[in-house]
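# Remarks on the overall topology
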Amino acid sequence: MIFDQADTFIARYDELAELMSDPEVINDNRRFRELSKEEADLRPKVQAFKKYQNVVSDIEGTEEVLSDSSDPDMQEMAKEELKALKEEQAELEEEIKVLMIPKDPNDDKNIIMEIRGAAGGDEAQLFAGDLYNMYSRYAESQGWSVEVVESSSNDIGGFKEIILQISGENVYSKLKFESGAHRVQRVPETESQGRVHTSTATVGVMPELEDLDFEIDENDIRVDIYHASGAGGQHVNKTASAVRMTHEPTGVVVAMQDQRSQQQNREKAMMILRSRVYEKLQSEQQSEYDSKRKNLVGTGDRSERIRTYNYPQNRVTDHRINLTIQKLDRIVAGELDEVIDALLLADQADRLEELNESSF
């Protein structure tokens with residue numbers, strides 16, 4: 001039972017308070033950061049548990065009054081108080097169940113987002129550009145920063161591929177369900193007869209990881225240095241500044257040439273490589289779970305069609321949760337809150353159901 005864990009959580013919370021006041025721990029930045037994160041995660045659980053314990057104690061005391069008192073007025077007051085306490089107990093039980101849903105350890109991380117034009121030629125690449133603009137505007141509304149790490153554009157304003165680094169508070173928690181195939185239905189600018197075409201672009205969202213989060217053995221990486229190509233100033237084609245990194249155990253490859261120096265390209269390539277390798281390994285671990293029980297909002301596989309943007313009907317449909325919104329113009333302008341909130345609630349409900357099945 002979840003509520004039987006209260007004493008364990010409270011004891012650990014008290015232990016953390018002592019540890020974080022230890023000078024030795026305070027001087028160890030990594031250790032102090034880990035303990036601070038654990039303390040912050042435990043705090044709302046402990047507060048809810050303590051409140052729940054107080055309410056249970058008050059219920060027991062009120063029931064004693066009911067059984068011991070023969071005064072009608074006292075009994076009536078006790079009955080009303082007992083009713084209110086039991087309602088509060090039920091509310092706290094639901095609150096604690098939600099708090100006990102395991103938190104994704106990556107939720108507070110920045111992300112690497114990769115957007116690629118897929119099926120549909122130029123129109124798919126134009127749509128990739130539209131998705132880039134949509135996420136950039138949403139990031140701006142959240143107070144996040146967006147940096148283009150690498151891009152490959154076409155001649156008409158779209159992107160074959162664009163890689164973004166999005167930084168801010170709880171970026172991954174809000175955008176992690178955007179991974180997948182996004183489909184657009186509209187009349188392309190190049191269509192002379194007004195026919196609606198269907199094209200797709202893929203989005204990949206990966207947490208940005210630090211060395212402390214996930215380490216890659218440098219002996220597993222093959223690094224190739226070559227001359228950059230394309231626009232970019234005098235350094236292009238004159239210095240060997242482009243970097244290609246291959247993680248040989250997984251076959252993951254990252255090529256980087258947009259930065260001004262080889263060292264900068266190395267740093268960006270390693271950042272993306274770390275995230276891609278982590279994503280691949282996590283995906284493999286997830287596959288066994290998914291074979292037993294499909295996540296409501298999907299696996300995050302880029303081949304999985306997750307959403308359709310229908311321009312003629314101003315409609316956006318998220319196929320994972322059967323959500324349809326007649327506000328396409330506002331959504332592509334970056335007003336994604338309604339969609340993202342619905343996905344987060346669906347995921348919470350799914351994980352709460354799983355928690356109930358395993359614990360009650």
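The paragraphs below set out a description of the structure included in this document. (Residues numbered from 1 in each chain as written. Predicted model: local features only at pLDDT ≥ 70, side-chain atom pairs only at ≥ 80, totals over all residues. Heavy atoms only, no water.)

### Observations concerning the nonpolar core
Formally: Among the buried residues, those of types Ala, Val, Leu, Ile, Met, Phe, Trp, Tyr and Cys that are joined through side-chain atoms within 4.5 Å form a nonpolar core. Only protein chains enter the accessibility calculation, which uses a 1.4 Å probe. A residue is then buried if its area is under 20% of the maximum for its type, exposed if over 50%, and partly exposed in between. Strands are runs of DSSP state E lasting at least 2 residues, helices are runs of H or I lasting at least 4, and numbering of each runs from the N terminus. In this description, contact between two residues means that some pair of their heavy atoms is separated by no more than 4.5 Å.
In this structure, Met 113, Ile 115, Leu 131, Tyr 135, Ile 166, Leu 175 and Tyr 309 are the most contacted members of the largest nonpolar core, which totals 37 residues. When contributions to this core are tallied by element, the ones reaching two or more residues are strand 1 (111-117), helix 5 (121-142), strand 3 (159-167), helix 6 (171-175), strand 5 (197-207), strand 11 (323-325), helix 8 (328-331) and helix 9 (337-359). Among the elements that line this core, the one with the most residues is helix 5, at 8 residues. If we skip the residues at most four places from it in the chain, Ile 115 touches Ala 128, Leu 131, Tyr 132, Tyr 135, Lys 160, Glu 161, Ile 162, Leu 164, Thr 202 and Val 203. Listed in part, the 22 residues of the second largest apolar core include Met 20, Val 46, Phe 49 and Ala 78.

### Points about the packing of aromatic side chains
Under the convention used in this document: By convention, a stacked pair of Phe, Tyr or Trp rings (six-membered ring in the case of Trp) has centres within 6.5 Å and planes under 30 degrees apart, an edge-to-face pair has planes over 60 apart, and any other such pair is tilted. Geometrically, a lysine NZ or arginine CZ counts as sitting over a ring once it is within 6 Å of the ring centre and also within 35 degrees of the ring normal.
Summed over the entire model, instances satisfying the criterion amount to 4 aromatic pairs. When the centroid spacing of 5.4 Å and the interplanar angle of 65° are considered together, the rings of Phe 127 and Tyr 309 count as edge-to-face. Taken together, the positions of Phe 127 in helix 5 and Tyr 309 in strand 9 (residues 305-310) put the pair 182 residues apart, joining distant regions of the chain. A ring pair is formed by Tyr 132 and Phe 159, whose centres lie 5.7 Å apart and whose planes are at 75°; its orientation type is edge-to-face. With Tyr 132 in helix 5 and Phe 159 in strand 3, the pair connects residues that are 27 residues apart, well separated along the chain. Above the ring of Tyr 311, the side-chain terminus of Arg 186 is found at 4.9 Å from the ring centroid.

### Re the environment of Asn 133
One can find Asn 133 in helix 5. Distance in space between the C-alpha atoms of Asn 133 and Gly 334 is 7.7 Å, their sequence separation being 201 residues.

### Focus: the pattern of salt bridges
Think of it this way: side chains of opposite charge can pair up when their charged atoms draw near. Put simply, the test is: Salt-bridge detection follows one rule: a side-chain nitrogen of Lys or Arg within 4 Å of a carboxyl oxygen of Asp or Glu.
Summed over all chains, the structure comprises 23 salt bridges. Between Arg 307 and Glu 178 there is a salt bridge whose closest N-O contact spans 2.7 Å. Residue Arg 307 is located in strand 9, and its partner Glu 178 is located in the loop between helix 6 and strand 4 (180-186); the two are separated by 129 residues in the primary sequence. With respect to burial, Arg 307 and Glu 178 carry one shared label: buried.

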